[in-house]
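Given next are the chains, with one letter for each unit.
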Amino acid sequence: MGTSSSQRSPSTPEWDRVRQLYRQPSPDPGQVASRIVSALDADTRTGLSGPGVACCLSTLLRASRVLDGSGIAGLGTIESGGLPPLLQISSLLQQRAERTIATSGLVSRFAEVGVRALGTTVFDAGASADADTFHITADSVAANLARYSREQQLNRLAVCFLAHDFNHLFSHFVTRDVSDFTGTEALPTELQRSQLRDAVARYCHEAALAAEAAVHEGMLAEALRADEEEGRLRFGEVLADLTRQGLDRIAAGGAA
């Protein structure tokens, strides 16, 4: 879907400004992220919240509603033993999103990133502070995810998804170019390259968490009551607004 790190960013003045920072020792993650946002063209900005990504958000929020109503039995395929339940549920929802994306013709490079974000969001939102990944039960994961629907906090789950999506997305944007500068005076080692990538991803993750989403709670609830296609359109509208907020915050926070 075009997310391979072997695919370099476009040869434009805006992306050249991003690459200039990779030539400098210890570039500021916020400034790197800001320049990346400034380099995104209109089609890319639209694609960040496209139908395939909205499908991933839909899969996540529908799972919260199902778990609220039916508990873990609502998902239907969680096995005892083998992989930890948190990993099973994360993988199950990713597989569902992938199937819908494929059968509905929604394949895109950003949909692929969205599927990854779906998986890590489940790990984040489904975890418990008092249990690690390998010991949390399936019922506990279900309860943690269900509470967003039960407490009318779907907007918070949507923002959590956006944060993970931005994390994976900006990690990709950095990775596809920064390898050209590894071994130079600015980034002499693989470790420093990885540290820069992770720092930019964390910065964007935190910026996305600040998005104001409570106003969309009603629309998210309506989207869950709609059929899949109509619901996906509404999820896409919410996601487009949250994405815009996140990009604006990143652009302003590190502008230079």
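For the structure, check the block above.
Residues numbered from 1 in each chain as written. Predicted model: local features only at pLDDT ≥ 70, side-chain atom pairs only at ≥ 80, totals over all residues. Heavy atoms only, no water.

K.L.:
What am I meant to see in the overall build of the protein here?
P.N.:
Assigned secondary structure in the protein consists of eleven helices and zero strands. Ordered by position from the N terminus, the helices and strands of the protein form the series α-α-α-α-α-α-α-α-α-α-α. Counting only C-alpha atoms, the protein reaches 55 × 35 × 30 Å along its principal axes. Taken over 256 residues, the protein has a buried fraction of 50%. When contacts within the protein are restricted to residue pairs at least 6 apart in sequence, long-range pairs at least 24 apart make up 76% of them. Counting only carbon and sulfur atoms, one obtains 49% of the accessible surface of the protein, whose full area is about 11600 Å². (Helix = DSSP H or I, 4+ residues; strand = E, 2+ residues; numbered from the N terminus. Buried < 20%, exposed > 50% of the residue type's maximum accessible area, 1.4 Å probe, protein only. Contact = heavy atoms within 4.5 Å. Areas by Shrake-Rupley, 256 points an atom, 1.4 Å probe, with all protein chains shown as cover.)

K.L.:
What is the right way to read the pattern of salt bridges from this model?
P.N.:
Where side chains of opposite charge bring their charged atoms close, a pairing between them can arise. Summed over all chains, the structure comprises twelve salt bridges. The closest approach of N and O atoms between Asp-177 and Arg-19, which form a salt bridge, is 3.5 Å. Linking Asp-177 in helix 8 (residues 154-178) with Arg-19 in helix 1 (residues 13-22), this pair joins segments that are 158 residues apart in sequence. An identical accessibility class is assigned to Asp-177 and Arg-19; each is buried. In the salt-bridge network here, residues are joined through shared partners; they are Asp-16, Arg-19 and Asp-177. (Salt bridge = Lys/Arg side-chain N within 4 Å of Asp/Glu carboxyl O.)

K.L.:
Is there a simple way to think about the side chain of Gln-88 in this case?
P.N.:
Checked against the element boundaries, Gln-88 lands in helix 5 (residues 85-103). A relative accessible area of 13% places Gln-88 in the buried class. In terms of polar contacts, Gln-88 uses its side chain to reach the backbone carbonyl oxygen of Leu-83, at 2.8 Å. (Polar contact = N/O pair within 3.5 Å; in protein donor to acceptor, adjacent residues only side chain to side chain.)

K.L.:
Can you help me understand the nonpolar core in this one?
P.N.:
Generally speaking, nonpolar side chains in soluble globular proteins are found buried as a group. Counting 75 residues, the largest nonpolar core has Tyr-22, Ile-36, Leu-61, Phe-161 and Phe-170 as its most contacted members. Examining the composition of this core, we find that 13 residues originate from one element, helix 8, more than from any other. (Core = buried A, V, L, I, M, F, W, Y, C linked by side-chain atoms within 4.5 Å.)

K.L.:
Would you take a moment to explain the packing of helix 6 (residues 109-126) against helix 7 (residues 138-150) for this structure?
P.N.:
When two helices pack together, their arrangement is given by the angle between the helix axes and the distance between those axes. Axis separation between helix 6 and helix 7 bottoms out at 8 Å; the angle between their running directions is 95°. Here helix 6 lies roughly perpendicular to helix 7, going by the angle between them. Contacts between helix 6 and helix 7 involve Val-122, Ala-125 and Gly-126 from the former and Ser-140, Val-141, Asn-144, Leu-145 and Tyr-148 from the latter. Tallied by class, the residues present in the contact of helix 6 with helix 7 amount to five nonpolar, three polar and no charged. (Axes fitted to C-alpha atoms, helices over the stretch in contact; angles between N-to-C directions. Parallel < 35°, antiparallel > 145°, perpendicular 65-115°, else oblique. Nonpolar A, V, L, I, M, F, W, Y, C, P; charged D, E, K, R; others polar.)

K.L.:
Would you mind going over helix 4 (residues 51-70) with me for this structure?
P.N.:
Every α-helix carries 3.6 residues per turn, so stepping three or four residues along brings you back to the same face. Spanning 20 residues, helix 4 covers 27 Å between terminal C-alpha atoms, matching the ideal 28 Å at 1.5 Å per step. For helix 4, a buried count of 14 out of 20 residues is recorded, marking the element as mostly surrounded by other parts of the structure. In the stretch just after helix 4, Gly-71 is the one whose phi turns positive, near 70°. (Expected span 1.5 Å × (residues − 1).)

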